[in-house]
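Reading the structure
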Amino acid sequence: DMALGPNDELFVTRTNSTIMRADVLHLAAGTLAYRTTFGGDHLRAGPATCLAVVGNELYVGLEEAAQLYVFTLTGWLLRKMRGEWEEPGRLIHFDGRLYLLEYVSDIEPVDEHTVKAKRIFVLSLHGQTLQICHLSDLESSGHEIDEDDDEEEDEDDPVPFEGDWV
């Protein structure tokens, strides 16, 4: 995964599957010039699956550890966060919250376009779970997305949220 930071920064995860160790490459976004590598001493529990930059912090998710590691943008480990999720799959930041898409290894993808996602966690920047949305609940509510449907949606009929508020 990769994430853009302030001041022309690009962060890219890299995993050595032989020794199950991940690290983060810090590059100049405009030129892709190498700046530094960090995290390898801490990211020893499997592939790094997601990144998000929030202010002056970089959040890195590790698949096997089911944790988020928080670094400064210069590579110092600040804290680790553990939650109810099994595998952090994707991570984005919006308005002071982290949105974590949980991947689950026991879900068999139908094809290469199928995402093996189970839940969306809304987290505080310190890892407190604020909300959990079960994707299967959305599908079973009859509000599935039909890619072949060209009809416009009725804006007067909003889809209610059926997840769990924590």
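Preceding this section is the structure that the text describes.
Attention in this report is confined to the structure presented alongside it. (Residues numbered from 1 in each chain as written. Predicted model: local features only at pLDDT ≥ 70, side-chain atom pairs only at ≥ 80, totals over all residues. Heavy atoms only, no water.)

Focus: unusual backbone geometry
Phi is positive for N7, which is not a glycine, with a value near 60°. Relative to the helices and strands, N7 is located in the loop between β1 (2-5) and β2 (9-16). Located in the positive-phi region is L32, a residue other than glycine, with phi close to 65°. (Helix = DSSP H or I, 4+ residues; strand = E, 2+ residues; numbered from the N terminus.)

Observations regarding the sheet that holds strand β5 (residues 48-54)
Taking strand neighbours across the sheet as the criterion, the 4 strands line up as β5-β6-β7-β8 in an open arrangement whose pairing is antiparallel. Because the sheet does not close on itself, it has two edges, and the strands there are β5 and β8 (77-82). The mean inter-strand angle of the sheet, taken between neighbouring strand axes irrespective of direction, is 20°. Where strand β6 (residues 57-62) lies against strand β7 (residues 67-72), 6 bridges are found, and the strand directions are antiparallel. Directly across from L58, in β7, lies its bridge partner F71. (Pairing = 2+ DSSP bridges. Axes fitted to C-alpha atoms, helices over the stretch in contact; angles between N-to-C directions.)

A look at the pattern of salt bridges
Scanning the model with the defined rule gives 5 salt bridges in all. Across the pair R35 and D8 runs a salt bridge whose closest N-O atoms are separated by 3.7 Å. Here R35 is found in strand β4 (residues 34-38), whereas its partner D8 is found in the loop between β1 and β2, with 27 residues between them in sequence. By relative accessible area, which is 37% here, R35 ends up partly exposed. Classification of D8 by relative accessible area gives partly exposed; the value is 37%. The salt bridge involving E57 is made with R79; its shortest N-O contact spans 3.1 Å. A residue pair is termed long-range when its members are at least 10 positions apart, and E57 in strand β6 and R79 in strand β8 qualify at 22 residues. (Salt bridge = Lys/Arg side-chain N within 4 Å of Asp/Glu carboxyl O. Buried < 20%, exposed > 50% of the residue type's maximum accessible area, 1.4 Å probe, protein only.)

Considerations on the packing of aromatic side chains
Throughout the structure, instances matching the rule amount to 3 aromatic pairs. Residues W85 and F121 carry aromatic rings whose centres are separated by 5.9 Å and whose planes lie at 75° to one another, so their mutual orientation is edge-to-face. Of the two residues, W85 sits in the loop between β8 and β9 (87-94) while F121 sits in strand β11 (residues 117-123), which places them 36 residues apart along the sequence. Residue W85 is classed as buried on the basis of its relative accessible area of 3%. (Phe/Tyr/Trp six-rings, centres within 6.5 Å; stacked < 30°, edge-to-face > 60°.)

Let's talk about the nonpolar core
F11, V24, L43, L58, V60 and L62 are the most contacted members of the largest nonpolar core, which totals 16 residues. Elements with a contribution of two residues or more to this core: β3 (21-28), β5, β6 and β7. Contacts of V60, omitting those with residues within four sequence positions, involve V24, L43, A48, C50, L51, Q67, L68, Y69 and F71. (Core = buried A, V, L, I, M, F, W, Y, C linked by side-chain atoms within 4.5 Å. Contact = heavy atoms within 4.5 Å.)

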